[in-house]
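Chain by chain, the residues run as shown.
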Amino acid sequence: MSQVPPPLPGPLPRHVAIIMDGNGRWAQLRRRPRMIGHRAGARAVNRTIDRCLELGIPALTLFAFSSENWGRPAEEVEALMKLFLHALEREVDELHRRGVRVRFVGQRERFGPALLARMQAAEQRTQGNALMTLSIAASYGGRQDIAHAARMLASEVAAGRLQPEQIDETLLGRYVALADLPAPDLFIRTGGDTRISNFLLWQLAYTELWFTEVLWPDFDAAQLQRALDAYTGRERRFGLTSAQIAALATETPTP
Ligand code: FPP
């Protein structure tokens, strides 16, 4: 079966997804507790949102807490939860004022009631905003995301509403997280490791990957620009040939 390639993106990514790694090492380098690194990381989050808004990037997804991060020492998990709670209390008004739609992806039922209530309130308050969608992946795992989609489809089959033969990539893709957004065009990971670490496994199939040694708290507009420049220089073929992509570029106006 021939796949229709997705519309060619323009020079700016429509969706950037980031693994914000290196907070702990940033603090250790300064002989400070790891939480100091996470707090500095929260400031880098604000800078990155600001810059994406200035540039007109319409979707930003941040990996704040993985399904595996629950295994960290209890005091770090607890302090991170407090940091998330305070960040939400502090930032949501401003994000709303600036036209940002905030929402969370992941197993949110694992969070405590106070944080859960804040998350829901932030989503409800900002749901009508259209300038940028900020998705925070929290208690998120890519495999868990795909397993959840498979479970949803299985229950549709069990209820007789779906035939197994009807299940294809397009249908499964409607049940994974972020299904309402274009797939990330650009993935950034800070902190020097060159892996995906169970982030958006399904959604990153054709995403351009960019890695940097820079630790997340040091990530700034100049670093983002380096990633964007690298992205602009890439040829995205989606499994086609260069000639086909060139022909598509002249046929299809960039959305
Ligand atoms: C990874 O660094 C970072 C995290 C597990 C937490 C990310 C949290 C923030 C950036 C803070 C605020 C976020 C929001 C959305 C308000 P690490 O601890 O694994 O660093 P290391 O690899 O150097 O130990």
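Located above this text is the structure these notes cover.
### As for the packing of helix α2 (residues 34–55) against helix α7 (residues 221–232)
Right, on to step 1. Running from N to C, α2 and α7 point in directions that differ by 55 degrees, and their axes come no closer than 10 Å. With respect to their mutual orientation, α2 and α7 come out oblique. Here α2 and α7 pass one another in a crossing that is right-handed. Touching Arg51, Cys52 and Leu55 of α2 are Ala221, Leu224, Gln225 and Leu228, all from α7.
Right, on to step 2. Looking at side-chain class alone, the contact of α2 with α7 contains five nonpolar, one polar and one charged residues.

### As for the pattern of salt bridges
Right, on to step 1. With the rule as written, the count across this model stands at 20 salt bridges.
Right, on to step 2. Connected via shared salt-bridge partners are Arg14, Asp185, Glu208, Arg234 and Arg236.

### Looking at the nonpolar core
Right, on to step 1. In terms of nonpolar packing, the biggest core is built from 42 residues, with Ile18, Ile49, Leu60, Leu62, Leu134, Leu186 and Ile188 touching the most fellow members.
Right, on to step 2. Top contributing element to this core by residue count: helix α3 (residues 74–97), with eight residues.
Right, on to step 3. In contact with Leu134, not counting residues within four places along its chain, are Ile49, Leu60, Leu62, Leu95, Val100, Arg101, Val102 and Arg103.
Right, on to step 4. By size, the runner-up hydrophobic cluster in this structure holds 14 residues, among which are Ala17, Phe63, Leu178 and Leu200.

### Observations regarding the site of the ligand
Right, on to step 1. Taken together, 18 residues sit near the ligand, with Asp21, Gly24, Arg25, Arg34 and Arg72 positioned nearest.
Right, on to step 2. Separating an oxygen atom of the ligand from a backbone N or O atom of Gly22 is a distance of 3.3 Å.
Right, on to step 3. Between the ligand and Asn23 there is a distance of 3.2 Å, counted from an oxygen atom to a backbone nitrogen or oxygen.
Right, on to step 4. Taken by itself the ligand offers 630 Å² of open surface, and the protein chains cover 89% of this.
Right, on to step 5. Going through the elements one at a time, α1 (23–29), α2 and α3 are the ones with two or more residues in the shell around the ligand.
Right, on to step 6. Residue contributions to the shell around the ligand peak at five residues, all from α2.
Right, on to step 7. Here the residues of the shell around the ligand are counted per class, giving eight nonpolar, six polar and four charged.

Parameters and conventions
Residues numbered from 1 in each chain as written. Predicted model: local features only at pLDDT ≥ 70, side-chain atom pairs only at ≥ 80, totals over all residues. Heavy atoms only, no water. Axes fitted to C-alpha atoms, helices over the stretch in contact; angles between N-to-C directions. Helix = DSSP H or I, 4+ residues; strand = E, 2+ residues; numbered from the N terminus. Parallel < 35°, antiparallel > 145°, perpendicular 65-115°, else oblique. Left-handed = near helix turned anticlockwise from the far one by under 90°. Contact = heavy atoms within 4.5 Å. Nonpolar A, V, L, I, M, F, W, Y, C, P; charged D, E, K, R; others polar. Salt bridge = Lys/Arg side-chain N within 4 Å of Asp/Glu carboxyl O. Core = buried A, V, L, I, M, F, W, Y, C linked by side-chain atoms within 4.5 Å. Buried < 20%, exposed > 50% of the residue type's maximum accessible area, 1.4 Å probe, protein only. Near = heavy atom within 4 Å. Polar contact = N/O pair within 3.5 Å; in protein donor to acceptor, adjacent residues only side chain to side chain. Areas by Shrake-Rupley, 256 points an atom, 1.4 Å probe, with all protein chains shown as cover.

Just distances and angles here, no functional claims.
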